[in-house]
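Residue-level structural notes
In case you want the letters, here they are:
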Amino acid sequence: MDDTRDTRDTRDTSDTRDTRDPAEPSDATAPGAATGSAAAGVLALRPLTARSIVLSTLLGQHPPQLPARALVRVGALFGAAEGTVRVALTRMVAAGDLEQRGGAYRLTDRLLARQARQDDSRAPRTRRWDGGWEIAVVTSDRRAAPERAALRQAMAALRLAELREGTWLRPANLVRLRPAVAAEQCAWLTGAPEGDPVRLAARLWDLDGWAARARLLSAALERADGPAERFTVAAAVLRHLLADPVLPTGLLPSDWPGADLRRRYDAFEHEFRALLPQYAGD
């Protein structure tokens, strides 16, 4: 294939930052910004790119694999030209995001881990909370920058908050495995705050900010018109769910919108999965 830059439309940004979509919460709230009628004046959402369309589609597939022709058809649903989608696929294989097998493209192991986090964000596994907290204290004396970054990423995936440098904690109400990087760099303890746990939770997480954006996204998804706009908002919803601390009910405001946002996303997912075979089928 010739120089790929000439075949991209103006929306395609194929640098590595796009590999986060839709798994990392990074959309901004900006008054006056807009990406469609549903979000006008309220939400600044990432525009669709060929890369984000491919990733979002495969991250929602189980198993996460589709033929190239199917991904081209899905791209067309959202206005991406065939050449643009094929260029994105080539670049994603080169970047290690996808692998090609027998004419089909599938997620690599690195993105399979993201898919697992994404699935968990939609239906977090919780257990009855007895008031205890899990606490992680960094014990490694000297850590290279990549090790520190890997630990920070792992703690975010575990939904722990940083009380101070090297000390992470959260209520012990989640069921999940700890990655090796977290076990190797930290000592893990259980305990409980002597003070008000509600106040501590409010200190550790911006609960009001998360709830406010969740309500904006819920309203935007409800009003979004057409597959492309709904897809864009839904991707932002999924990123936002990854930032939900999933606290016990007793530590949350009474009108916490997490469950409602998940129900609305599930409705979109059902709608999209019903539409997808028309474009991705043989």
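Now for a look at the structure at hand. Bear in mind the structure is a predicted one, so any value in this text is a computation, not a measurement.

Some remarks on the pattern of salt bridges
Using the criterion set out here, one finds 19 salt bridges in the structure. The residue Asp-120 makes a salt bridge to Arg-159 at a minimum N-O spacing of 4.0 Å. One end of the pair, Asp-120, is in helix α4 (residues 109-122); the other, Arg-159, is in the loop between α5 (145-157) and β7 (161-164), with 39 residues separating them in the sequence. Here Asp-260 makes a salt bridge to Arg-263, at a shortest N to O gap of 3.8 Å.

Structural notes on the sheet that holds strand β9 (residues 186-191)
Ordered in space as β7-β8-β6-β9, the 4 strands form an open sheet in which the pairing is antiparallel. On the outer flanks of this sheet lie β7 and β9, each paired with one strand and no other. Taking the axes of each pair of neighbouring strands and ignoring which way they run, one obtains an average angle of 30° across the sheet. Where β7 lies against strand β8 (residues 167-171), 3 bridges are found, and the strand directions are antiparallel. Bridge assignment links Glu-162 to a residue of β8, and that residue is Trp-168. α5 contacts β6 (133-138), β7, β8 and β9 of the sheet and is inclined by roughly 30° relative to β9.

Structural notes on the sheet that holds strand β4 (residues 98-101)
Picture the strands of a sheet paired through backbone hydrogen bonds; they go either parallel or antiparallel. One open sheet accounts for 3 strands, arranged β3-β5-β4; its pairing is antiparallel. Unpaired on one side and paired on the other, β3 (65-67) and β4 mark the two borders of the sheet. With strand direction ignored, the average angle separating the axes of adjacent strands in the sheet is 25°.

Some points on unusual backbone geometry
In most cases, non-glycine residues show a negative phi, while peptide bonds are predominantly trans. Looking along the chain, the bond that leaves His-62 and enters Pro-63 is cis, with omega of 0°. Not every positive phi belongs to a glycine, and Arg-159 is a case in point at roughly 65°. Residue classification places Arg-159 among the buried positions, given a relative accessible area of 7%. The phi torsion at Val-246 lies on the positive side, around 50°, for a residue other than glycine. Among the structural elements, Val-246 can be located in the loop between α9 (227-242) and α10 (258-280).

Cut-offs and rules
- Residues numbered from 1 in each chain as written.
- Predicted model: local features only at pLDDT ≥ 70, side-chain atom pairs only at ≥ 80, totals over all residues.
- Heavy atoms only, no water.
- Salt bridge = Lys/Arg side-chain N within 4 Å of Asp/Glu carboxyl O.
- Helix = DSSP H or I, 4+ residues; strand = E, 2+ residues; numbered from the N terminus.
- Pairing = 2+ DSSP bridges.
- Axes fitted to C-alpha atoms, helices over the stretch in contact; angles between N-to-C directions.
- Contact = heavy atoms within 4.5 Å.
- Buried < 20%, exposed > 50% of the residue type's maximum accessible area, 1.4 Å probe, protein only.

The values are spatial; any link to function lies outside them.
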